[in-house]
Amino acid sequence: DSGVTQTPKHLITATGQRVTLRCSPRSGDLSVYWYQQSLDQGLQFLIQYYNGEERAKGNILERFSAQQFPDLHSELNLSSLELGDSALYFCASSVDAGNTGELFFGEGSRLTVL
Amino acid sequence: QKEVEQDPGPLSVPEGAIVSLNCTYSNSAFQYFMWYRQYSRKGPELLMYTYSSGNKEDGRFTAQVDKSSKYISLFIRDSQPSDSATYLCAMSDWDSSYKLIFGSGTRLLVRP
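Thresholds, definitions, all that
- Residues numbered from 1 in each chain as written.
- Chains lettered and ligands numbered in written order.
- Predicted model: local features only at pLDDT ≥ 70, side-chain atom pairs only at ≥ 80, totals over all residues.
- Heavy atoms only, no water.
- Disulfide = S-S within 2.5 Å.
- Helix = DSSP H or I, 4+ residues; strand = E, 2+ residues; numbered from the N terminus.
- Buried < 20%, exposed > 50% of the residue type's maximum accessible area, 1.4 Å probe, protein only.
- Pairing = 2+ DSSP bridges.
- Axes fitted to C-alpha atoms, helices over the stretch in contact; angles between N-to-C directions.
- Contact = heavy atoms within 4.5 Å.
- Salt bridge = Lys/Arg side-chain N within 4 Å of Asp/Glu carboxyl O.
- Buried area = accessible area lost by both parts, 1.4 Å probe.
- Polar contact = N/O pair within 3.5 Å; in protein donor to acceptor, adjacent residues only side chain to side chain.
- Nonpolar A, V, L, I, M, F, W, Y, C, P; charged D, E, K, R; others polar.

Asker: Please clarify how the state of the cysteines should be interpreted in this entry.
Answerer: Joining two cysteines, a disulfide is a covalent bond between their sulfur atoms. Residue and element names in this part refer to chain A. Taken as a whole, this structure holds 2 disulfides over all chains when the rule is applied. The disulfide partner of C23 is C91, and the S-S distance across this bridge is 1.8 Å. Its S-S torsion of about -55° marks the bond between C23 and C91 as left-handed, since a negative value means left-handed. One end of the pair, C23, is in strand β3 (residues 19-24); the other, C91, is in strand β9 (residues 87-94), with 68 residues separating them in the sequence. By the burial criterion, C23 is buried, and C91 matches it.

Structure (structure tokens):
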């Protein structure tokens, strides 16, 4: 158990809908990262928050947004969903701003868009 | 061409074998190199972390980085059925060490 908690574990929804994925980082970790894992693209970095502020953006679509709250949990919002958004979404956390690459991953939220 | 290339496998070996997993990369700015293990329906977990070139050993696992060849390896000695998983290499550069670039992963099956 990495200590990173993600909910929900599974989510099935329809195209055009909006969903929110939630992540609680390990106790004491200040950074939260979101990654998308699909069969054709592998693990892709989406976005990082450090102590409540956005620190880095990767290949995140404009239809997606995230935030980190004062209690350090994070939410990833996916809107106007398309079939191609079906994937595993992982949250990871680290104690620092990511200088070492030592990330602790949650078990992921599997999103299926029908 | 992807920044990080990794043979997807699957790689099937008998218990006790030495396993060699490899990745090649194209970005010479990469400085941090990692190996993650991912069991089915689980998140990746960090196995090995190496900065720049050289070798690092941890129990049955040895990570090697050859920056001149842009090639990294993970060796598993005395492989066990519990090592059956997907192994992902990951790397990042100095300026954006937080942004890991992952290989596509190699599926390993260790047969009892």
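Back to the text.
Asker: Just to check I follow, could you spell out the sheet that holds strand β8 (residues 71-76) of chain B for this structure?
Answerer: To summarise the sheet geometry, strands pair through backbone hydrogen bonds and adopt either a parallel or an antiparallel arrangement. Residues and elements named next belong to chain B. Spatially, β1-β3-β8-β7-β6 is the arrangement adopted by the 5 strands of the open sheet, whose pairing is antiparallel. Of all strands in the sheet, those with a lone pairing partner are β1 (4-6) and β6 (54-58), marking the two edges. For this sheet, the mean angle separating the axes of adjacent strands, direction not counted, is 15°. Relative to β8, strand β7 (residues 61-66) is paired through 6 bridges, and the arrangement is antiparallel. Bridge assignment links F61 to a residue of β8, and that residue is I76.

Asker: Explain the side chain of T13 of chain A here, please?
Answerer: Residues and elements named next belong to chain A. Relative to the elements of secondary structure, T13 occurs in strand β2 (residues 10-13). What makes T13 buried here is its relative accessible area of 15%. Beyond its immediate chain neighbours, meaning those up to four positions away, T13 contacts V19, L81, L111, T112, V113 and L114.

Asker: What should I look at first to understand the pattern of salt bridges in this one?
Answerer: Pairing between side chains becomes possible if they bear opposite charge and their charged atoms approach one another. Applying the stated rule across the entire model yields 8 salt bridges over all chains. We note a salt bridge from D29 of chain A to R26 of chain A, for which the minimum N-O separation is 2.8 Å. D29 of chain A sits in the buried class, given a relative accessible area of 2%. Exposure remark for R26 of chain A: the relative accessible area of 24% places this residue in the partly exposed category. D85 of chain A is the partner of R63 of chain A in a salt bridge, and the nearest nitrogen-oxygen pair spans 2.8 Å. On the criterion of sequence distance, the pair formed by R63 of chain A in the loop between β6 (53-57) and β7 (64-68) and D85 of chain A in the loop between β8 (74-78) and β9 is long-range, its members being 22 residues apart. With respect to burial, R63 of chain A and D85 of chain A carry one shared label: buried. Ionic contacts of the salt-bridge type, sharing partners, join the residues K9 and E107 of chain A together with K42 of chain B into one network.

Asker: Before we go on, may I ask you to explain the pairing of β3 of chain A in this structure?
Answerer: Walk down a regular strand and you will see the side chains alternate between the two sheet faces. Residue and element names in this part refer to chain A. Alternating residues of β3 divide into V19, L21 and C23, all buried, and T20, R22 and S24, none buried. The pairing of β3 with β8 spans 5 bridges and is antiparallel. Paired with L21 across the bridge in β8 is L76.

Asker: Even after reading the chapter, I still don't get the interface of chain A and chain B, so can you show me in this structure?
Answerer: Taken residue by residue, the interface counts 20 residues in chain A and 17 residues in chain B. Together chain A and chain B conceal approximately 1600 Å² of surface at their shared face, both sides included; 54% is due to carbon and sulfur atoms. Taken together, the connections running from chain A to chain B amount to 1 salt bridge. The residue K42 of chain B makes a salt bridge to E107 of chain A at a minimum N-O spacing of 3.0 Å. Run the count over chain A and chain B and you get 4 residue pairs in polar contact (both at pLDDT 80 or more). Broken down by secondary-structure element, the contributors of at least two residues to the side of chain A that touches chain B are β4 (31-38), β5 (42-50) and β6 of chain A. Residue composition of the side of chain A that touches chain B, by class: 9 nonpolar, 7 polar and 4 charged.

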